[in-house]
Amino acid sequence: MLKVTLLGTGGTQPLPDRALAAAAVTVAGRSVLLDCGEGTQVGLRRYGVSAYRLSAVLLTHYHGDHILGLPGLLQTLGSLNRTEPLTVYGPAGLDAVARPVMALAGAQPYPVLWREADAPFDVDALKITPFPLEHRVPCCGYALELPRAGRFDPARARAAGIPVAYWKTLQKGAAAGGFTPEQVLGPPRRGLKVVYATDTRPCAALEAAARDADLLCMDATYADDADLPKARLYGHTTCREAGALAAAAAVRRLWLTHYSAAVTDTAPGLAAARTAYPLALAGYDGMAQELEFDKE
């Protein structure tokens, strides 16, 4: 029902086998891109995410390792003859970033819309909630939720005299033939939630946003506990801290990402994260998983 793909899991500088920060969330063939570090276009092609079918780009902040892939991506979409608008969301300061990015990308045959992520918004079927992170500059994480309608009740539909031809549409949560979903659906069921948070210290806003998430993709810049002072200074998280936050938020899955270039072996950091959250996984470029609704 929803697929998450890590396109780049590095921070600060790319490595031969680790591109800079980017991830994609795909629903029904349409994708939202989270961050756009250098090399993101390569990751999109390599890992099977359609650049042409991107609906939006969500930027966490404006450090170069999260945005330098954007001018090239915008140019590529133009070369593919895109005409559909692309919306780029980000925290405070977006206007100052939009101007140089568009100057580098040049005029394109499609509109590029820039929107400050200061309130919840929808992209296709996803409901997206930005929330503040603790970094050296304005930075936000994103909770992406795919709602699930209540269970369809055929008996209620028959009793209301609703033609069978309308059932499928009503089941999807849309009105049809003058009938409404509320007439035939039970209460909403648990949907899916993915939370993406890089470049941050552990904080209350992140823990609250990640509560009961199906997947948390979280900053794990430092693998060594000895680097905790640097994590505090530069506004990042150690792997051990990421595990502790995932446990406190009772998430279903934790993927560590945004490693420092000094982290050439993710195993020690993964072991540290698993002291608090045993199901933690070390993210890597190309890591992907399809998440499905709970079976009921």
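Procedures and definitions
- Residues numbered from 1 in each chain as written.
- Predicted model: local features only at pLDDT ≥ 70, side-chain atom pairs only at ≥ 80, totals over all residues.
- Heavy atoms only, no water.
- Pairing = 2+ DSSP bridges.
- Helix = DSSP H or I, 4+ residues; strand = E, 2+ residues; numbered from the N terminus.
- Axes fitted to C-alpha atoms, helices over the stretch in contact; angles between N-to-C directions.
- Phe/Tyr/Trp six-rings, centres within 6.5 Å; stacked < 30°, edge-to-face > 60°.
- Buried < 20%, exposed > 50% of the residue type's maximum accessible area, 1.4 Å probe, protein only.
- Lys NZ or Arg CZ within 6 Å of the ring centre and 35° of its normal.
- Polar contact = N/O pair within 3.5 Å; in protein donor to acceptor, adjacent residues only side chain to side chain.
- Contact = heavy atoms within 4.5 Å.
- Salt bridge = Lys/Arg side-chain N within 4 Å of Asp/Glu carboxyl O.

**Considering the sheet that holds strand β2 (residues 22–27)**
Each strand in a sheet pairs with its neighbour through backbone hydrogen bonds, running either in the same direction (parallel) or in the opposite one (antiparallel). As summarised here, the arrangement of the seven strands in space is β6-β5-β4-β3-β2-β1-β14, forming an open sheet in which the pairing is mixed. At either end of the open sheet lies a strand with only one pairing partner, and these are β6 (112–116) and β14 (288–291). Pairwise comparison of adjacent strand axes, ignoring direction, gives a mean angle of 20° for this sheet. Of the strand pairs in this sheet, strand β3 (residues 30–34) and strand β4 (residues 54–58) are connected by four bridges, and their pairing is parallel. The residue of β4 that forms the bridge with Leu33 is Val57.

**What about the packing of aromatic side chains?**
Where two aromatic rings form a pair, the distance of their centres and the angle of their planes describe that pair. Taken as a whole and judged by the stated rule, the model has three aromatic pairs. Relative to Trp167, the ring of Phe152 lies with its centre 5.3 Å away and its plane at 55°, an arrangement referred to as tilted. Here Trp167 lies in helix α6 (residues 167–171) and Phe152 lies in the loop between β9 (140–148) and α5 (154–159), a separation of 15 residues in the sequence. Taking relative accessible area as the criterion, Phe152 reaches 14% and is therefore assigned buried. Under the relative-accessibility criterion, Trp167 is labelled buried at 14%. Sitting over the ring of Tyr110, Arg82 keeps its end group 5.8 Å from the ring centre.

**Examining the pairing of strand β5 (residues 86–90)**
In terms of burial, β5 is a largely internal element, five of the five residues being buried. Residues Leu86, Val88 and Gly90 of β5 are buried on one face, and the alternating residues Thr87 and Tyr89, pointing to the opposite face, are buried as well. Relative to β5, β4 runs parallel, the two sharing three bridges. Within β5, the position partnered with Val57 by the bridge is Val88. Two strands pair when backbone bridges link them, and β5 and β6 are joined in this way by five bridges, in the parallel orientation.

**Describing the side chain of Glu241**
Residue position: Glu241 is located in helix α9 (residues 239–249). Taking the relative accessible area as the measure of exposure, Glu241 reaches 18% and is therefore buried. In terms of polar contacts, Glu241 uses its side chain to reach the side chain of Arg201, at 2.8 Å. Those residues in contact with Glu241, other than ones at most four positions away along the chain, are Arg201, Pro202, Leu228 and His236.

**Here's the deal with the pattern of salt bridges**
Within this structure, the stated rule accounts for 12 salt bridges. The salt bridge partner of Glu84 is Arg30, with a shortest N-O separation of 2.6 Å. With Glu84 in the loop between α3 (70–79) and β5 and Arg30 in strand β3, the pair connects residues that are 54 residues apart, well separated along the chain. You can call Glu84 partly exposed: its relative accessible area is 33%. With a relative accessible area of 19%, Arg30 lands in the buried category. The partner of Arg201 in a salt bridge is Glu241, with the nearest N and O atoms 2.8 Å apart.

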